Amino acid sequence: MNISVFASLMECGGQFHQEGLLPQAQAAFEAALLTSPGDLDATSALATMLSLQGLHHAAFRVLQDVEEAMLQSADGAANLAIAAENCKDVSRAYSAYERALQLDPNNLRALRNVALIAARLLQWKRAIACASKCVELEPEQLVHHQNLSDFLTGARRYPEALQALDQAEKLFPGYLDITVRRITVLAFSGHIEQSDKLKTQLDGDGKRHLNEFLATSLKNSANSACAATAVQLFATQAFAAMEECDWRDSSRLTDLFRQIAGDSPAGTRDSPFYALALDLDESELMRIHEGSISESVASFASLDGKSGLSSRTQAFRSNDKRIRIGFAVHHLHQLPALKQQLALCDSTRFAFHAYSFPPPAQPFVRDALQPVTAVVEMAHMTDAEAIARIRLDSLDVYMDTAPDARSYRPSVAVARVARVQLRHHNWYRTPAASPWDYTVSDSFVDPEASEAQPGSALIRMPFSCWLPVHAAEAAHMPPLSSTPERESAGLPLDKLILCVAAPPAAIDELSFSLWLEILRSLPDTILWLPACPPAAAANLARAATSHGIDEQRLLFSQPMRRDEMLARMACADIVLDTLRLNDAQVVHDALQLGVPVISYAGTSMASRMSGSILQAANLLQCVNSSPANYVAEVVRLGRHPESLSSLRQQVSQSQKAQPFDLASRMREWESAWSQMVERDHSGLPPASFDVEKRPA
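What counts as what
Residues numbered from 1 in each chain as written. Predicted model: local features only at pLDDT ≥ 70, side-chain atom pairs only at ≥ 80, totals over all residues. Heavy atoms only, no water. Buried < 20%, exposed > 50% of the residue type's maximum accessible area, 1.4 Å probe, protein only. Helix = DSSP H or I, 4+ residues; strand = E, 2+ residues; numbered from the N terminus. Pairing = 2+ DSSP bridges. Contact = heavy atoms within 4.5 Å. Polar contact = N/O pair within 3.5 Å; in protein donor to acceptor, adjacent residues only side chain to side chain. Phe/Tyr/Trp six-rings, centres within 6.5 Å; stacked < 30°, edge-to-face > 60°. Lys NZ or Arg CZ within 6 Å of the ring centre and 35° of its normal. Axes fitted to C-alpha atoms, helices over the stretch in contact; angles between N-to-C directions. 1 Å grid on protein atoms, 1.4 Å probe; cavity = no way out; pocket = protein on both sides within 12 Å on 5 of 7 lines; lining within 4 Å. Points joined across faces, edges and corners; volume = space filled by probe spheres on them. Nonpolar A, V, L, I, M, F, W, Y, C, P; charged D, E, K, R; others polar. pLDDT = per-residue confidence, 0-100.

Below, the discussion takes up the pairing of strand 7 (residues 457-461). Within strand 7, five of the five residues are buried, leaving the element largely enclosed by the surrounding structure. Of the two faces of strand 7, the one lined by Ala-457, Ile-459 and Met-461 and the one lined by Leu-458 and Arg-460 are each fully buried. Bridge count between strand 6 (residues 438-442) and strand 7: five bridges; the pairing is parallel. Residue pairing for strand 7: Tyr-438 is matched across the bridge by Ala-457.

So this is what it looks like as structure tokens:
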């Protein structure tokens, strides 16, 4: 090697780099590498120039040629890791960073980047440990303090996050980055007044910086961030925790809802859903829901006037005298069921329209319901455009089957798009501010019919208001004897299998505590849970351990298609329903598979949905009136196999029961639609009524 030539080329490349002449610097380092193949300094310099020009894959290939030598030093391993990370090869980057830390536990680049990768993977313990080390080694760098605070916040260790910010404030007094983090952590930890007080001290630039921090760093949407109060931030974070079965903030969230329930405390449409999992009674839940509805009414009350149309004005109609029914579609997987239902209706008396709201627009939706009904894609439309388009169809009845879905647009119902508006499949009884004329129910959900239902009239179906929407799927399922064996499902053959099929967000603290009580009473029992994100699974396992239950007795399913899920559910001995928010679909699925379901009926509508189905199936013994009875019944069945076997036989017979005859149920729906429209055409206001049974 000509040392003088090599040194000259390296010096020349460095000079070009300083002057910003990256292509020239790249050429100089390439020439240096030709004079000294494998030289780490020349290789690293060349890779740096390539990266600075955005040629990350080329830079990584250059370093891979000397990978073994790079991994012999902490700085070399860190450089290799950075190149891999630039190429989105996170696994290889993480491995190289860990190698750097093996060689030098104090390598700051590796510590910082390992912490950032671990945080992205929600590995908070590792992220916090590395960030803490960075603060210890380089306390004069503000970014290390910021990272530590952010990771502690991500782990919901709010007191420690505030301590980290206190330490940073002493070193960097008056820094805006510290202030916006303190405002956020105070809100997340429930210190509402302190957070709001500190926020009022921000000027315009400070408020913009706070909004940017909330929108980008903490993954809140930009719109919610811009209007975020401390109450909204606390509630939003508590909701995110509940999605992961982390109930540490549930008590404080319950208190917050009680204090300002009528004012829609979280400032978000998600509030009514998450409130259902808390220890709140029916009147408290209704105030929360009414607050949410009131916001929509206030926001969109003027739309009807601006449109120039009145819901009680007969729009242009053709000679088609059929009753026009419009359906709001929110869940695309329910399209086959909706098509099946509508195909059973009398097309000479009823004309159907469907409006698909879930974003993004789904072109295949139009084909999914043909030829039963036409479909209009609404995802790309503004609220005003959607309202105007629906009104063109001159609907007699507008029916929303999921008015609490994420794609639900309150403005559509508030602005009134049909002469009669009907709400179905909801967790709440209708509050006074509701835009709905009728609410669908049954004699179990609402045992006492009343003409004075708040907000809308009540239609009580003769069996259950929940249609057997997936009956066709169950009919085509293989017999129970040919379903996958327990071993293939990862289930022990000699244990009682209690299955929970509700998603993690619907698993509330009360339900899980009762399931653990059941496991304690039945030592040879396994709790089979749905596929959960790692954080949710870890939280459930931690909760089991804290109650003295071996976490090995919790088995989590793998993500699977619906047909696979049904086949696996058939392997269970008993399906356990959630208490505060029943899962009606799970109950239907289990009964159609011949698997017993144990449920609970409280006072709220959300806690009585499953009881409605079980009563219709003549299985009222599966509905319990108290949490204690719920536990006792499962334990009784677990200890007496003959009782469980007898119940399974009853469940199998329930599949043939009249309530599961979809054709008869659709005749009853036709009767309900007709009665509502007849009253409207006669100039009569909505009034509650019971729908008569129709023979199979």
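Continuing now.
Looking at the secondary structure, you find Gln-421 in strand 5 (residues 418-423). When sequence neighbours within four positions are dropped, the list of residues in contact with Gln-421 reads Tyr-398, Val-412, Ala-413, Arg-416, Pro-435, Trp-436, Asp-437 and Tyr-438.

Burial runs high along helix 30 (residues 609-616): seven of the eight residues are buried. If you check which residues of helix 30 are buried, you get Met-609, Ser-610, Gly-611, Ser-612, Ile-613, Leu-614 and Ala-616. Turning to helix 30, the residues buried within the fold contact strand 6, helix 29 (584-593), strand 12 (597-600) and strand 13 (623-624). Count one or two residues on from helix 30 and you reach Asn-618, which has phi positive near 60 degrees.

Along the chain, the position of Asn-582 falls in the loop between strand 11 (574-576) and helix 29. A relative accessible area of 3% means that Asn-582 is categorised as buried. Within the structure, Asn-582 has its side chain in polar contact with the backbone oxygen of Thr-578 (distance 2.8 Å). Polar side-chain contacts of Asn-582 include one of 3.3 Å to the backbone oxygen of Leu-579.

Turning our attention to the packing of aromatic side chains. All chains considered together, the criterion is met by 16 aromatic pairs. For the pair Phe-350 and Phe-352, a centre-to-centre distance of 6.4 Å together with 15 degrees between the ring planes defines the contact as stacked. What makes Phe-352 buried here is its relative accessible area of 8%. Pairwise contacts between aromatic rings join Phe-239, Phe-257, Phe-273, Tyr-274 and Trp-427 into one cluster. The residue whose ring lies beneath Arg-608 is Phe-444, and the NZ or CZ to ring-centre distance is 4.4 Å.

Turning our attention to the sheet that holds strand 4 (residues 395-400). Overall, parallel pairing links the eight strands, which are arranged 3-2-1-4-5-6-7-14 in an open sheet. The sheet is open, and its two borders are formed by strand 3 (374-377) and strand 14 (689-690), each paired with just one other strand. As paired elements, strand 5 and strand 6 share two bridges and run parallel to each other. When the bridges of strand 6 are listed, Arg-423 appears paired with Thr-439.

Pairing within the open sheet is parallel, and its six strands lie in the order 10-9-8-11-12-13. Edge strands, defined here as strands with exactly one partner in the open sheet, are strand 10 (554-556) and strand 13. On the sheet, helix 31 (residues 627-639) packs against strand 8 (496-499), strand 11, strand 12 and strand 13 and is oriented at approximately 165 degrees with respect to strand 12.

A separate point is the pairing of strand 5. With six of six residues buried, strand 5 lies mostly within the body of the structure. Here five bridges tie strand 4 to strand 5, and the two strands are oriented parallel to one another. In the strand pairing of strand 5, Val-397 is matched with Val-420.

The subject of this paragraph is the layout of surface pockets. There is about 1400 Å³ of room inside the second largest pocket. For the second largest pocket, the lining is made up of 44 residues, of which Trp-124, Thr-153, Gly-154, Ala-155 and Arg-156 are closest to its centre. The element best represented in the lining of the second largest pocket is helix 27 (residues 534-546), accounting for seven residues. Tallied by class, the residues present in the lining of the second largest pocket amount to 18 nonpolar, 14 polar and 12 charged.

With that out of the way, let us pick up the environment of Thr-254. Tracing the chain through its elements places Thr-254 in helix 17 (residues 250-260). Considered as a pair, Thr-254 and Leu-280 are 26 residues apart in the sequence and their alpha carbons are 7.2 Å apart.

This prediction gives the protein a mean pLDDT of 85; 86% of its residues lie at or above 70. For the stretch residues 220-227, pLDDT sits under 50, and the model shows 10 contacts to residues farther than four places along the chain or on other chains. Confidence drops under pLDDT 50 across residues 303-316; counting only partners more than four residues distant or on other chains, this segment forms 22 contacts.

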